[in-house]
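A closer look at the structure
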Amino acid sequence: MAGKLLTEEEISELLQSPYVIAAGDVKVHFTAEFKELFWKETQKGMTPRRIFKAYGIDPDILGPERLKGFKQMLRKDKKNGKEFRDIRDSNANIEMSFNTPEKELKYLKQKLAYQEQELEFLKKIASLGDRDQDT
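Let me begin by describing the structure that accompanies this report. (Residues numbered from 1 in each chain as written. Predicted model: local features only at pLDDT ≥ 70, side-chain atom pairs only at ≥ 80, totals over all residues. Heavy atoms only, no water.)

**A short note on the pattern of salt bridges**
The condition is simple: Here, a salt bridge means any side-chain nitrogen of Lys or Arg that lies within 4 Å of a carboxyl oxygen of Asp or Glu. Helix numbers and strand numbers start at the N terminus; a helix is a DSSP run of H or I with at least 4 residues, a strand a run of E with at least 2.
Inspection of every chain in the model, using the stated rule, returns three salt bridges. As a salt-bridge pair, Asp60 and Arg49 come within 2.6 Å of each other at their nearest N and O atoms. With a gap of 11 residues between them, Asp60 in helix 4 (residues 59-79) and Arg49 in helix 3 (residues 48-54) connect regions that are remote in the sequence.

**Quick notes on the packing of helix 2 (residues 32-43) against helix 4**
Our working rule: For helices, the fitted axis covers only the stretch in contact; all axes are lines through C-alpha atoms, and the angles between them, taken along N-to-C directions, range from 0 to 180 degrees. Our angle categories are set so that under 35 degrees counts as roughly parallel, over 145 as roughly antiparallel, 65 to 115 as roughly perpendicular, and the remainder as oblique. Pairs of residues are marked as contacts when any of their non-hydrogen atoms sit within 4.5 Å.
The interhelical angle for the contact between helix 2 and helix 4, taken along N-to-C directions, is 90°, at an axis separation of 11 Å. It follows from the interaxial angle that helix 2 and helix 4 lie roughly perpendicular. Counting all contacts with helix 2, which are made through Phe34, Lys35, Glu36, Phe38, Trp39 and Thr42, the residues of helix 4 involved are Phe70, Lys71, Met73, Leu74, Arg75 and Lys78.

**Quick word on the side chain of Glu41**
Let me state the cut-off plainly: For the exposure calls, accessible area comes from a 1.4 Å probe over protein chains only, and a residue counts as buried if that area is under 20% of its type's maximum, exposed if over 50%, partly exposed in between. We count Lys and Arg on the positive side and Asp and Glu on the negative side, and we leave His and both chain ends out.
Secondary-structure assignment places Glu41 in helix 2. No salt bridge is formed by the buried Glu41, whose closest oppositely charged neighbour, Lys44, lies at an N-O distance of 4.1 Å. Look past the residues within four positions of Glu41 in its chain and what remains in contact with it is Met46, Ile51 and Tyr55.

**Regarding the pairing of strand 1 (residues 20-23)**
Operational definition: Here the rule is simple: two strands pair whenever DSSP picks up at least two bridges between them.
Pairing between strand 1 and strand 2 (residues 28-30): three bridges, direction antiparallel. Each residue of the ladder has a partner; that of Ala23, found in strand 2, is Val28.

**Things to note about the environment of Arg66**
Worth spelling out the cut-off: Two N or O atoms form a polar contact when they lie within 3.5 Å of each other; inside protein one atom must be a possible hydrogen donor and the other a possible acceptor, and for residues adjacent in sequence the pair counts only when both atoms belong to side chains.
Within the secondary structure layout, Arg66 lies in helix 4. On the accessibility criterion, Arg66 (3% relative accessible area) is buried. A polar contact is formed between the side chain of Arg66 and the backbone oxygen of Val26, at a distance of 2.9 Å.

**Here's the deal with the packing of aromatic side chains**
Applicable threshold: Classification of ring pairs uses Phe, Tyr and Trp, with its six-membered ring standing for Trp, and accepts pairs whose centres are within 6.5 Å; under 30 degrees between planes counts as stacked, over 60 as edge-to-face, and the remaining range as tilted.
Across all of its chains, the model carries 13 aromatic pairs by this definition. With centroids separated by 5.2 Å and ring planes inclined at 45°, the aromatic side chains of Phe34 and Phe52 adopt a geometry described as tilted. A residue pair is termed long-range when its members are at least 10 positions apart, and Phe34 in helix 2 and Phe52 in helix 3 qualify at 18 residues. The buried category is assigned to Phe52, whose relative accessible area is 1%. Through a chain of ring-to-ring contacts, three or more aromatic side chains come together here, namely Tyr19, Phe30, Phe34, Phe38, Phe52, Tyr55 and Phe70.

**Things to note about the nonpolar core**
Side chains of a nonpolar character, in soluble globular proteins, are inclined to be buried together. Put simply, the test is: We call a set of buried residues a nonpolar core when its members are Ala, Val, Leu, Ile, Met, Phe, Trp, Tyr or Cys and they connect through side-chain atoms within 4.5 Å of each other.
One finds Val28, Phe30, Phe34, Phe52, Ile57 and Leu62 to be the most contacted residues of the largest nonpolar core, which totals 21 residues. Contributing elements (two or more residues each) for this core: helix 1 (8-15), strand 1, strand 2, helix 2, helix 3 and helix 4. By residue number, the principal contributor to this core is helix 4, which donates five residues.

Spelled out as structure tokens, the structure:
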């Protein structure tokens, strides 16, 4: 969904929006709420550019490729019967900027808990291998 790399200033401006969860130089992650709003507005015939502008997100920062890609992504999700989700609903393992330290801390805690589960699972597998060698 890229097109152009975003600058630090553009990322910072995007993160001011309540509809942007995270942003980096390539990716911008929007809330499920915004995706739903966007979809409803497109069904009324509004253009992506006008929708982003109406909800306080500068479409010039995103660029035409991201605007087009965002609409196509939502259309594909709807066609496949998927509900609109955001990265908070998944275990996205990507490096990103967060708009609050609390959100970043929550993400890191979830990631740590998941990795601890993985480690325990691997320890159990390794101990099974050790038992097989003892017999």
